[in-house]
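Listed below, chain by chain, are the residues.
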Amino acid sequence: AAAGLGWIAAALGLAAAVASYLVLGRLRAAPSAARERRLIADLPQACDLLAVCVDAGLPARAAVVAVVDAMDGPLAEALAGASAKVSLGVDEARAWGELGADPALSKLGRELRRGADAGVSLSARLVALGVDARRAAAAAVETAAKRVGVRSVMPLMICFLPSFILVGVVPIVGGMLTQLF
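Scope of this entry: the structure provided in the associated data block. Keep in mind that what you see is a predicted model, and the values were worked out from it rather than measured.

1. Description of the state of the cysteines
Phase 1 of the analysis: All chains considered together, the criterion is met by zero disulfides.
Phase 2 of the analysis: Between Cys47, a free cysteine, and Cys53, which holds the nearest cysteine sulfur, the sulfur-to-sulfur gap is 12 Å.

2. Here we look at the packing of helix H2 (residues 60-70) against helix H3 (residues 74-87)
Phase 1 of the analysis: Interaxial distance between H2 and H3 falls to 9 Å at its minimum, and their mutual angle equals 145 degrees. Regarding H2 and H3, the two cross each other, and that crossing is left-handed. Seen from H2, the contacting residues are Arg61, Val64, Val65, Val67 and Val68; seen from H3, they are Ala76, Leu79, Ala80, Ser83 and Val86.
Phase 2 of the analysis: Here the residues of the contact of H2 with H3 are counted per class, giving eight nonpolar, one polar and one charged.

3. What to know about helix H5 (residues 106-118)
Phase 1 of the analysis: Its 13 residues place the ends of H5 18 Å apart at the C-alpha level, agreeing with the 18 Å of an ideal helix rising 1.5 Å per residue.
Phase 2 of the analysis: The set of residues buried in H5 consists of Leu108, Gly109, Glu111, Leu112 and Gly115. Within H5, the buried residues cover an arc of 165 degrees as seen down the axis, which keeps them to one side. With respect to the buried face of H5, the exposed residues turned more than 90 degrees away are Asp117 and Ala118.

The rules behind each value
- Residues numbered from 1 in each chain as written.
- Predicted model: local features only at pLDDT ≥ 70, side-chain atom pairs only at ≥ 80, totals over all residues.
- Heavy atoms only, no water.
- Disulfide = S-S within 2.5 Å.
- Axes fitted to C-alpha atoms, helices over the stretch in contact; angles between N-to-C directions.
- Helix = DSSP H or I, 4+ residues; strand = E, 2+ residues; numbered from the N terminus.
- Left-handed = near helix turned anticlockwise from the far one by under 90°.
- Contact = heavy atoms within 4.5 Å.
- Nonpolar A, V, L, I, M, F, W, Y, C, P; charged D, E, K, R; others polar.
- Expected span 1.5 Å × (residues − 1).
- Buried < 20%, exposed > 50% of the residue type's maximum accessible area, 1.4 Å probe, protein only.
- Arc of directions from axis to C-beta.

Written as structure tokens, this is what we have:
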């Protein structure tokens, strides 16, 4: 009997370990998902601000510093990190390319790197990038809104199904049973 309990305890321990791994993995991923949502939401504004600064005649590195001063959050932190690298002497193209390592900022990093490499005017590309980022942010919000609707079905079903059965089905079945007996 003791050997049987050992296997059961081992199986329960393994199940608890797997459940803990899954739960803790989701908890750890939540801050990165929130950071990603914030990056997507802030990117259109940052692109617009960068375009205005570049149109005003600021070079890209000075425009990035101005945007960092005007914004907060993970996007401002990423831009501040890249700007700090540039101010420390790292090649601009390399610093902006490293900014593009983050998937949400890859297009912005690519455009800033292209501007540093080729000296291409950034204003029109930043405006277009802002429009694309605005569309992506709207699509992300719409997807999240649809997800809420889908996730709300089960709790509503759990609440309304018993009441439907008690109010709608039980009286009918009870009435039929009283007629039969």
